[in-house]
Protein chains: 2
Amino acid sequence: MNETAFAEPTGKRERTKVANRQAILVAARRVFAQLGYEAATVRDIIRGTDLASGTFYNYFRSKEEVFEALADDGARRFRPILRHAREHASSFDDYLLSAFVAYFRFIVEDHQPDGLPIDQRRPHVRMDIPEMMAVYQEVRQSLEDAIAHGDAPRVDADYLACACIGIAQEVGSAMLRRSPPDIDAAANFATGLILKGLEGAPRQG
Amino acid sequence: MNETAFAEPTGKRERTKVANRQAILVAARRVFAQLGYEAATVRDIIRGTDLASGTFYNYFRSKEEVFEALADDGARRFRPILRHAREHASSFDDYLLSAFVAYFRFIVEDHQPDGLPIDQRRPHVRMDIPEMMAVYQEVRQSLEDAIAHGDAPRVDADYLACACIGIAQEVGSAMLRRSPPDIDAAANFATGLILKGLEGAPRQG
DNA sequence: GCACAAGAATGACACGCCGTCAATTTCTAT
DNA sequence: ATAGAAATTGACGGCGTGTCATTCTTGTGC
């Protein structure tokens, strides 16, 4: 019966479930972009699909949860990029630069007309989203590794990771306010600030 | 009639208006701290006073607006501290350090049991609040002055201000998660990062 | 003192959104 | 073909919001 031993799109049941969930996510993304998070209602979202209001709650518990799912998807797309940057970087400097470039590219994409509302009401980085937490952990791990290998000085890795994220958020936000946004300039600024900031601090042998 | 030529608390009318507004703000602060912003309702707030539900709307247009008024008050308290730091600093380094210390002290105070809910759902710095915007402008102005006087290298003052704010937010947040929060350690970390980050960049004559 | 106008407080009410649930439809397996 | 499981539907109860006609309070002119 199972044609493909471990594939997922089996019966019609499963297929429509996947399709419906996707439809809700797509509609939600558009509605959030148009109305903003606060003003958007669950009904607005479901009206963008051919489903009934009650059906929404078969897929998500609340408006909050769809938003998190969208943000989660974002973080999930971003993580492999970050990992790739780490594994292919020729140096710590190189890693930092490509990580910042990756993040800034990412938020520029998500800032498109159909993207999530990146405004002052919703912070870019939401540490309460599991996937986002994972991104933070990954950054922190990279920094700890760099410190252990002597590529970076021995500073508080937790604070440093937070500082990187803070810089990424705020400088990224400022970059988006400029037109056109210059990703390389912003990334160079951020990387330079951190790298110089670490110079002179004591290192591991 | 006016004993004090230019004082404000004149008739009973005016006095109760001021008192009611204050009562609402006090109750709101407590309710927000207890329930969090999302869960709190206007009714919860008004129940903390001896006023009727409709009266709330004589003073604020919405829950959002009371919150902003509270945050605004916070920023208004913070600004003179920042200015004092700038005017009394012996050097740029000194200014940065005292500014970070002031900010971290500030959020530690506001994180008390009856303080505003500082969590992941509400960013610390809300750039859409006029007073907060003023704080940002002030930071930026200080940095521009420092650059013009040759105390800081010639970098993008806007990005640098954003980076400072981002670092303050995220490192501050991380500091609050530790117990006990070490304000000086966090401030030293932040200051060191920025100062070293600026070393070596070209300066104004 | 008194009456009257302006201003503020009150709380009942209409509205809109949320999340649930019994009834119904759609799918799957035998 | 049919029974049973799973998903969908939309009407409904509950709740929070913001308004508004009414009532109460304050300030003013006589």
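This is a predicted model, so every value here is computed, not measured.

**Quick word on the overall build of chain A**
Part 1 of the argument: Counting its secondary structure elements, chain A contains 8 helices and 0 strands.
Part 2 of the argument: When the helices and strands of chain A are placed in sequence order, the string is α-α-α-α-α-α-α-α.

**Description of the nonpolar core**
Part 1 of the argument: Core analysis: the largest hydrophobic core is formed by 100 residues, its most contacted members being Val171 and Ala190 of chain A together with Val171 and Ala190 of chain B.
Part 2 of the argument: What alanine 190 of chain A contacts, discounting residues up to four positions off in sequence, is Phe100, Ile167, Ala168 and Val171 of chain A.

**Quick notes on the protein's contact with DNA strand D**
Part 1 of the argument: In the region of DNA strand D, 21 residues are neighbours, and Ala52 and Gly54 of chain A together with Gly11, Thr41 and Gly54 of chain B sit closest.
Part 2 of the argument: Sorting the residues of the surface near DNA strand D by element identifies α1 (12-35) and α3 (53-59) of chain A together with α1 (12-35), α2 (42-47) and α3 (53-59) of chain B as the ones contributing at least two each.
Part 3 of the argument: Across the surface near DNA strand D, the residue classes tally to 4 nonpolar, 11 polar and 6 charged.

**What about the protein's contact with DNA strand C?**
Part 1 of the argument: The environment of DNA strand C is formed by 21 residues, the closest being Gly11, Arg13 and Gly54 of chain A together with Ala52 and Gly54 of chain B.
Part 2 of the argument: Only α1, α2 (42-47) and α3 of chain A together with α1 and α3 of chain B provide two or more residues apiece to the surface near DNA strand C.
Part 3 of the argument: When the residues that make up the surface near DNA strand C are grouped by side-chain class, the tally is 4 nonpolar, 11 polar and 6 charged.

**A few points about α1 of chain B**
All names here are of chain B.
Part 1 of the argument: With 24 residues, α1 ought to run about 34 Å at 1.5 Å a step, and its terminal C-alpha atoms sit 34 Å apart, in line with that.
Part 2 of the argument: For α1, every residue scored as buried is listed here: Ile24, Ala28, Arg29, Val31 and Phe32.
Part 3 of the argument: On its buried side, α1 packs onto α2, α3 and α4 (63-88).
Part 4 of the argument: Immediately beyond the C-terminal end of α1, within one or two residues, lies glycine 36, with a positive phi of roughly 85°.

**Observations regarding the environment of valine 139 of chain A**
Residue and element names in this part refer to chain A.
Part 1 of the argument: Structurally, the position occupied by valine 139 is in helix α6 (residues 130-148).
Part 2 of the argument: Look at valine 139 and you get buried, because 21 C-beta atoms sit within 10 Å.
Part 3 of the argument: For the pair formed by valine 139 and arginine 79, sequence separation is 60 residues and the distance between their alpha carbons is 9.9 Å.
Part 4 of the argument: Setting aside residues no more than four positions away along its own chain, valine 139 makes contact with Ala161, Cys164 and Ile165.

**Let's talk about unusual backbone geometry**
Part 1 of the argument: In this structure, proline 180 of chain A follows serine 179 of chain A across a cis peptide bond, with omega equal to -5°.
Part 2 of the argument: Summarising the element assignment, proline 180 of chain A is placed in the loop between α7 (157-177) and α8 (183-198).

**Considering the packing of α1 of chain B against α4 of chain B**
Helix-helix packing is described using two parameters, namely the angle between the two axes and the distance between the axes.
Residue and element names in this part refer to chain B.
Part 1 of the argument: For the pair α1 and α4, the least separation of the axes is 10 Å and the interaxial angle reads 95°. The angle between α1 and α4 places the two elements in the roughly perpendicular class. Counting all contacts with α1, which are made through Ile24, Leu25, Ala28, Arg29 and Phe32, the residues of α4 involved are Val66, Phe67, Ala69 and Leu70.

**Re the confidence of the model for chain A**
Where the model shows low pLDDT, its predicted coordinates should not be examined in detail.
Residues and elements named next belong to chain A.
Part 1 of the argument: In the predicted model, chain A carries a mean pLDDT of 83, and 82% of its residues have values of at least 70.
Part 2 of the argument: In this model residues 1-6 is a low-confidence stretch, pLDDT under 50, and it forms 0 contacts with partners more than four residues away in sequence or in other chains.
Part 3 of the argument: Across residues 119-125, where pLDDT falls below 50, the model places 15 contacts with residues more than four positions away in sequence or in other chains.

**A word on the environment of serine 53 of chain A**
Residue and element names in this part refer to chain A.
Part 1 of the argument: Here serine 53 lies in helix α3.
Part 2 of the argument: Serine 53 sits in the exposed class, given 11 other C-beta atoms within 10 Å.
Part 3 of the argument: For the pair serine 53 and valine 42, spaced 11 residues apart in the sequence, the C-alpha separation amounts to 7.9 Å.
Part 4 of the argument: Leave out the neighbours within four places in its chain, and serine 53 touches Arg43 and Ile46.

**Regarding the packing of helix α4 (residues 63-88) of chain A against helix α5 (residues 92-110) of chain A**
Residue and element names in this part refer to chain A.
Part 1 of the argument: Where α4 contacts α5, the axes come no closer than 9 Å and their chain directions differ by 155°. With respect to their mutual orientation, α4 and α5 come out roughly antiparallel. Taken as a pair, α4 and α5 cross one another with a handedness that is right-handed. Residue-level inspection shows Gly74, Phe78, Ile81, Leu82, Ala85 and Arg86 of α4 in contact with α5, the latter providing Tyr95, Ser98, Ala99, Ala102, Phe106 and Asp110.
Part 2 of the argument: Taken together, the residues that form the contact of α4 with α5 break down as 8 nonpolar, 2 polar and 2 charged.

Each value, and the rule that gives it
- Residue indices follow the written sequence of each chain, beginning from 1 at its first position.
- Each chain is given a letter, starting from A, and each ligand a number, starting from 1, according to the order in which they appear as written.
- Local features in this predicted model are restricted to residues whose pLDDT is 70 or higher, and side-chain atom pairs enter the listing and the counts only when it is 80 or higher, whereas totals over whole chains, interfaces and linings include all residues.
- For the purposes of this entry, the term helix denotes a DSSP run of H or I that reaches at least four residues, the term strand denotes a run of E that reaches at least two, and both are numbered from the N terminus.
- Remark: nonpolar core denotes a set of buried Ala, Val, Leu, Ile, Met, Phe, Trp, Tyr and Cys residues whose joining runs through C-beta atoms within 7 Å.
- Counts of 20 or more other C-beta atoms within 10 Å of a residue's own C-beta define buried residues, counts of 12 or fewer define exposed ones, and intermediate counts define partly exposed ones; C-beta atoms are placed from the backbone.
- What counts as a contact is two residues whose backbone-derived C-beta atoms lie within 7 Å of each other.
- Nearness between a residue and a molecule or strand is assessed with a C-beta atom placed from the backbone; a distance within 6 Å qualifies.
- Amino acids are sorted into nonpolar (Ala, Val, Leu, Ile, Met, Phe, Trp, Tyr, Cys and Pro), charged (Asp, Glu, Lys and Arg) and polar (every other residue, Gly among them).
- Take the number of residues in a helix, subtract one, and multiply by 1.5 Å to get its expected span.
- Each axis is a line fitted through C-alpha atoms, and for a helix only the stretch in contact is used; angles between axes span 0 to 180 degrees, taken between their N-to-C directions.
- Any angle that falls under 35 degrees is termed roughly parallel, while one over 145 is termed roughly antiparallel, one within 65 to 115 roughly perpendicular, and all others oblique.
- Per residue, pLDDT captures the predictor's confidence, and it can take any value from 0 to 100.
- By the definition used in this description, the sense in which the near helix is turned from the far one sets the handedness, with an anticlockwise turn below a right angle giving left-handed and a clockwise turn giving right-handed.

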